[in-house]
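Residue-level listing of the chains:
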Amino acid sequence: MSSTELRSVFSQDSLPIFHYYLLLLLAAAISTFGLLTNSAATIIGGMIIAPLMTPLMTLGFSTVSLEKTLIQRAIFAVATGVTLV
């Protein structure tokens, strides 16, 4: 993939929309259930469905390519997601 294609993909995928927050809430609920039942597998399952990897990859790419708007968008998505959970 070229840099332009990556920029386009990350620009679309880093937008925190309703589905992003819904998946975070479901991941938090699953992980909480895993903590209450003392089940490591359930906690790991909650971590797997958490969609935080895309904003973190966007943050890394935008930092290397010095894309100020993508940096701000990725920080916003991570910060609001972590705050919500």
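Structure first, text after, so check above.
Residues numbered from 1 in each chain as written. Predicted model: local features only at pLDDT ≥ 70, side-chain atom pairs only at ≥ 80, totals over all residues. Heavy atoms only, no water.

Q: Explain the packing of aromatic side chains residue by residue, including any values.
A: To describe a pair of aromatic rings, you give the distance between the ring centres and the angle between the ring planes. What the rule picks out here adds up to two aromatic pairs. Taken together, a centroid distance of 5.3 Å and an interplanar angle of 40 degrees make the contact between Phe10 and Phe61 tilted. Of this pair, Phe10 sits in helix H1 (residues 3-13) while Phe61 sits in helix H4 (residues 53-65), and the two are 51 residues apart along the sequence. We note that Phe10, like Phe61, is buried. (Phe/Tyr/Trp six-rings, centres within 6.5 Å; stacked < 30°, edge-to-face > 60°. Helix = DSSP H or I, 4+ residues; strand = E, 2+ residues; numbered from the N terminus. Buried < 20%, exposed > 50% of the residue type's maximum accessible area, 1.4 Å probe, protein only.)

Q: Quick rundown of the packing of H1 against H4? Include the residues and the values.
A: It is at 10 Å that the axes of H1 and H4 come closest, and there the two elements cross at 140 degrees. Compared by their axis directions, H1 and H4 come out oblique. For the element pair H1 and H4, the recorded crossing hand is left-handed. Facing H1, whose interface residues are Ser3, Leu6, Arg7, Phe10 and Asp13, H4 presents Thr54, Met57, Thr58, Phe61 and Ser65. Taken together, the residues of the contact of H1 with H4 sort by class into four nonpolar, four polar and two charged. (Axes fitted to C-alpha atoms, helices over the stretch in contact; angles between N-to-C directions. Parallel < 35°, antiparallel > 145°, perpendicular 65-115°, else oblique. Left-handed = near helix turned anticlockwise from the far one by under 90°. Contact = heavy atoms within 4.5 Å. Nonpolar A, V, L, I, M, F, W, Y, C, P; charged D, E, K, R; others polar.)

Q: Hey, could you go over the pattern of salt bridges for me, with residue numbers and the actual values?
A: Inspection of every chain in the model, using the stated rule, returns one salt bridge. The partner of Glu67 in a salt bridge is Arg7, and the shortest N-O contact between them spans 2.9 Å. Of this pair, Glu67 sits in the loop between H4 and helix H5 (68-84) while Arg7 sits in helix H1, and the two are 60 residues apart along the sequence. According to the relative accessible area criterion, Glu67 is partly exposed, its value standing at 21%. Residue classification places Arg7 among the partly exposed residues on the basis of a relative accessible area of 26%. (Salt bridge = Lys/Arg side-chain N within 4 Å of Asp/Glu carboxyl O.)

Q: Requested: an account of the side chain of Ser62, with residues and values cited.
A: Looking at the element boundaries, Ser62 is found in helix H4. Of the polar contacts made by the side chain of Ser62, one reaches the backbone oxygen of Thr58; its length is 2.8 Å. (Polar contact = N/O pair within 3.5 Å; in protein donor to acceptor, adjacent residues only side chain to side chain.)

Q: Please set out unusual backbone geometry residue by residue, giving values where relevant.
A: Phi angles above zero are rare outside glycine, and Asn38 is one such case at about 55 degrees. If you trace the backbone, Asn38 turns up in the loop between helix H2 (18-36) and helix H3 (40-49). Taking the relative accessible area as the measure of exposure, Asn38 reaches 71% and is therefore exposed. Look at Leu66: it is not a glycine, yet its phi comes out positive at around 55 degrees. Inspection of the secondary structure puts Leu66 in the loop between H4 and H5. Under the relative-accessibility criterion, Leu66 is labelled exposed at 70%.

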